[in-house]
Amino acid sequence: VGMALPVLPVLLVLLAADAVVPVKDPLLNICMDAKHHKSEPGPEGKLHDQCSPWKDNACCTANTSSEAHKDQSNLYNFNWNHCGVMPPKCKRHFIQDTCLYECSPNLGPWIDQVDSSWRRERILHVPLCREDCEEWWEDCRDSLTCKENWHEGWNWATGTNRCPWGSLCRPFSEVFPRAQELCEKVWSHSYRYSPERRGSGRCIQMWFDPAQGNPNVLVAKYYAWRKRSSPAQVAPESDQAVRALPCAALLLLPAALVLLPELAGGWGGPEA
């Protein structure tokens, strides 16, 4: 019985030491399971034009980034010009939106499971910065479209998206009266209009200067922390147990350090 006494503090010390080993957060620096995404993010030296801000760490390939800039892209056979030619000042926002979706490794907190023929995961309610939504709407307000939700309901008879029979082409400002409606409805709530501004650390930016670093890294960390901390987001029991063990051990470390010499001194070895 005496030989077993020092085991407890020794175990506590070992467990506490294990607590400082970093554990990969499953919500951070990941790529979603979708049609054109890489299995994991990494450097891509030649990302095209508007996708280039993600070149240091991207979920897209150079070919995907190039296709994202085409009017008739091979990515999804989707045509921006379904109601006449979309003006360049409007189209650039949809290209940037595509680059964010395809290339960003910072969307983990908003990845949602879907049962689709072309992807197993999508993004849902990503908090898009206020300026990104408002500039998108302002630059597209006079462009034309015939649909509010661009994810579904198109006429695909020719192999590309065309307006449904009987639908009318109208200005964006009529289909989406406010910036919030454009951001939230056009891709069936992939985005959420955020009142937060760029640089706040609380909203995802479609537009950023890579020379200043990727601001979305910290935003993803913040929302990953919130998701873990929220009572509504309960992790599987096994995962909770794994994460709770090092924390508990760390709290017990001071007691272990105090007890260890006392127990060792009082034990006296196998001859006692």
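Since this is a predicted model, take the numbers as computed values, not measurements.

A. Summary view of the state of the cysteines. Across all of its chains, the model carries eight disulfides by this definition. Sulfur-sulfur distance for the disulfide between C31 and C59 comes to 2.1 Å. The chirality of the disulfide connecting C31 with C59 is left-handed, given an S-S dihedral of about -90°. Placement of the pair is C31 in the loop between α1 (7-19) and α2 (62-67) and C59 in the loop between α1 and α2, with a sequence separation of 28 residues. Each member of the pair, C31 as well as C59, carries the same accessibility label: buried. Two residues, C60 and C103, share a disulfide whose sulfurs are 2.1 Å apart.

B. Geometry of the nonpolar core. Core analysis: the biggest nonpolar cluster contains 51 residues, and F94, L128, W136, W150, F172, W187 and Y191 have the highest contact counts within it. Contributing elements (two or more residues each) for this core: α3 (88-103), β3 (126-128), α4 (130-140), α5 (172-175), α6 (179-185), β6 (191-193) and α7 (216-229). Leave out the neighbours within four places in its chain, and W150 touches F78, W80, H82, M86, F94, T145, F172, V186 and W187.

C. A look at the confidence of the model for the chain. Taken residue by residue, the chain gives an average pLDDT of 80. The fraction at 70 or more is 76%. A low-confidence stretch, residues 255-272 stays under pLDDT 50, and its non-local contacts, those more than four residues away or across chains, total twelve contacts.

D. α3, seen in detail. Given a rise of 1.5 Å per residue, 16 residues ought to cover 22 Å, and the 21 Å separating the end C-alpha atoms of α3 matches this to within 8%. Among the 16 residues of α3, 13 are classified as buried, and the element is accordingly described as predominantly covered.

E. Layout of the environment of R192. Mapped onto the elements of the fold, R192 is located in strand β6. Residue R192 is classed as partly exposed on the basis of its relative accessible area, which comes to 31%. Ignoring sequence-local partners within four residues, the contact set of R192 consists of H125, V126, P127, L128, E184 and Y223.

F. Region of the structure containing the packing of aromatic side chains. Under the counting rule described, the total for this entry stands at 18 aromatic pairs. Plain terms: the ring middles of F94 and W136 are 5.2 Å apart, the flat faces sit at 80° to each other, and that makes the pair edge-to-face. Here F94 is found in helix α3, whereas its partner W136 is found in helix α4, with 42 residues between them in sequence. Across this residue pair, the class does not change: F94 and W136 are buried. An angle of 90° between the planes, with centres 5.9 Å apart, marks the rings of W150 and W187 as edge-to-face. Residue W150 is located in the loop between β4 (144-145) and β5 (170-171), and its partner W187 is located in the loop between α6 and β6; the two are separated by 37 residues in the primary sequence.

Conventions we followed
- Residues numbered from 1 in each chain as written.
- Predicted model: local features only at pLDDT ≥ 70, side-chain atom pairs only at ≥ 80, totals over all residues.
- Heavy atoms only, no water.
- Disulfide = S-S within 2.5 Å.
- Helix = DSSP H or I, 4+ residues; strand = E, 2+ residues; numbered from the N terminus.
- Buried < 20%, exposed > 50% of the residue type's maximum accessible area, 1.4 Å probe, protein only.
- Core = buried A, V, L, I, M, F, W, Y, C linked by side-chain atoms within 4.5 Å.
- Contact = heavy atoms within 4.5 Å.
- pLDDT = per-residue confidence, 0-100.
- Expected span 1.5 Å × (residues − 1).
- Phe/Tyr/Trp six-rings, centres within 6.5 Å; stacked < 30°, edge-to-face > 60°.

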